Amino acid sequence: MDVAHAVSECRVVRMDMVGDHTIVVGAVEAVTTEDADPTPLLHALGRYKVWPKSVTLTFQEEPVQTVVPPALAGAAMRKRFGAGESAIEALKGVNVTFPSGAFTAVMGPSGSGKSTLLHCLAGLETLTSGSVSLAGVEINGLSDTELTRLRRDKIGFIFQSYNLLPTLTARQNILLPLDLAGRAVDRPWFDRVVEVLGLGDRLDHRPAQLSGGQQVRVAAARALVTRPAVVFADEPTGSLDTRSGAEVLSFLRTSVHELGQTVVMVTHDPVAASCADRVLFLVDGTVVSELMEPTADLVLDGLKKLEQGR
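Residues numbered from 1 in each chain as written. Predicted model: local features only at pLDDT ≥ 70, side-chain atom pairs only at ≥ 80, totals over all residues. Heavy atoms only, no water.

Asks: How do you make sense of the overall build of the chain when you look at a structure like this?
Replies: Secondary structure assignment for the chain yields nine helices and 13 strands. Per-residue burial over the chain gives 45% buried out of 310 residues. Entry remark: accessible area of the chain is about 15,900 Å², with carbon and sulfur atoms responsible for 50%. (Helix = DSSP H or I, 4+ residues; strand = E, 2+ residues; numbered from the N terminus. Buried < 20%, exposed > 50% of the residue type's maximum accessible area, 1.4 Å probe, protein only. Areas by Shrake-Rupley, 256 points an atom, 1.4 Å probe, with all protein chains shown as cover.)

What follows is the structure in structure tokens.
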């Protein structure tokens, strides 16, 4: 494209003079006439020159990079319980981000603040100071009603106890959040979640008729059916046997890699953490390290180093 047709409407990224040619790197937003004056272009760069009609203007379009905001972010997060000399500071200025479509595990010694971090990120606890942004919404200062609506529409929870209603079938338990919110069921999405979790032949069973692994998969489906921005999992394998725990971890990875879900999981288990894309380590209310592409051995080594450094 001859930029002489478009220079007055060009968003300039860079301009270089190479011999008799002016190389412009930018993005054309509109096309004007052939006689368009390039002076605004030069002014924009602070490199004003009298326009020589004999100079050829060559345009090179630079690829546009799309920046995807994180699904969840916390800044300068502080949480204090109690007051005076007996006060306990559970979080000490934590800064953390969770990319969209990623699986993050949070680990640390007992009392490190990992559960408090999860609760504050999910709006279940109020920060003493700092901020949390979830799906582009600053949750600080939201009213109780607004927080309830945010948790209902943007957050999914998978708790260690599952919290399934014993008198409802698996199908009814999964659809309960939509029923309470008065929202219609997205049938294609419901069918996809059920298929990924392998629950198709268990939808009419009540919790007592399901194994532990099947129960947690129902709880997971319930967390996903609303299409939340983030799913929080608090020790989801803590009360399961090895086989059932492996089923849950496999589901969490599948929900991220096949359904594009964002998952934040608190766990004490190195094997569980190794299923995540990254692991954050907390000590005494502070994020002290991060491990990408974790393995069980690497996570265990990281925990040992934390214990030795305390």
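Still to come is the rest of the account.
Asks: Got a minute to help me understand the environment of Leu165 in this structure?
Replies: Inspection of the secondary structure assignment puts Leu165 in the loop between strand 9 (155–158) and helix 4 (170–181). Leu165 gets classed as partly exposed once you look at its relative accessible area, which sits at 37%. Between the alpha carbons of Leu165 and Arg206 there is a distance of 8.6 Å; along the sequence they are 41 residues apart.

Asks: Looking at this model, I keep getting lost on the sheet that holds strand 11 (residues 263–266). Mind explaining?
Replies: Across a sheet, strands are paired by hydrogen bonds formed along the backbone, either parallel or antiparallel in direction. Taken in spatial order, the six strands line up as 9-10-11-6-12-13 in an open sheet, and their pairing is mixed. At either margin of the open sheet sits one strand with a lone partner, and together these are strand 9 and strand 13 (286–292). Across the sheet, the mean angle from the axis of one strand to that of its neighbour is 20°, orientation sign disregarded. Where strand 6 (residues 103–107) and strand 11 come together, four bridges link them in parallel fashion. Residue pairing for strand 11: Ala105 is matched across the bridge by Met265. Contacts from helix 7 (residues 242–257) reach strand 6, strand 9 and strand 11, with the element oriented near 155° to strand 11. (Pairing = 2+ DSSP bridges. Axes fitted to C-alpha atoms, helices over the stretch in contact; angles between N-to-C directions. Contact = heavy atoms within 4.5 Å.)

Asks: I would appreciate a short explanation of the nonpolar core in the present structure.
Replies: Within soluble globular proteins, side chains that are nonpolar tend to cluster in buried spots. Ile158 and Leu252 are the most contacted members of the largest nonpolar core, which totals 48 residues. Of all the elements, helix 6 (residues 212–224) adds the most residues to this core, at seven residues. Discounting residues that sit within four places of it in the chain, Ile158 has contacts with Val216, Ala219, Ala220, Ala223, Val231, Phe232, Ala233, Asp234, Pro236, Phe251 and Leu252. Among the nonpolar cores identified, the runner-up in size contains 27 residues, and Leu72, Phe98, Ile155 and Leu280 belong to it. (Core = buried A, V, L, I, M, F, W, Y, C linked by side-chain atoms within 4.5 Å.)

Asks: Any chance you could explain the environment of Thr169 here in plain terms?
Replies: With respect to the secondary-structure elements, Thr169 resides in the loop between strand 9 and helix 4. A residue is classified by how much of its surface remains accessible, and Thr169, at 13% relative accessible area, is buried. When the C-alpha atoms of Thr169 and Arg206 are compared, they prove to be 4.3 Å apart, with 37 residues separating the residues in sequence. Apart from the residues lying within four places of it in its own chain, the contact partners of Thr169 are Leu203, Asp204, His205 and Arg206.

Asks: Got a minute to help me understand helix 2 (residues 114–121) in this structure?
Replies: Owing to its 3.6 residues per turn, the α-helix aligns residues three or four sequence positions apart on the same side. With six of eight residues buried, helix 2 lies mostly within the body of the structure. The set of residues buried in helix 2 consists of Lys114, Thr116, Leu117, Leu118, Cys120 and Leu121. Among the residues trailing helix 2, Gly123 stands out with phi positive, at a value near 75°.

None of this, on its own, says anything about what the molecule does.
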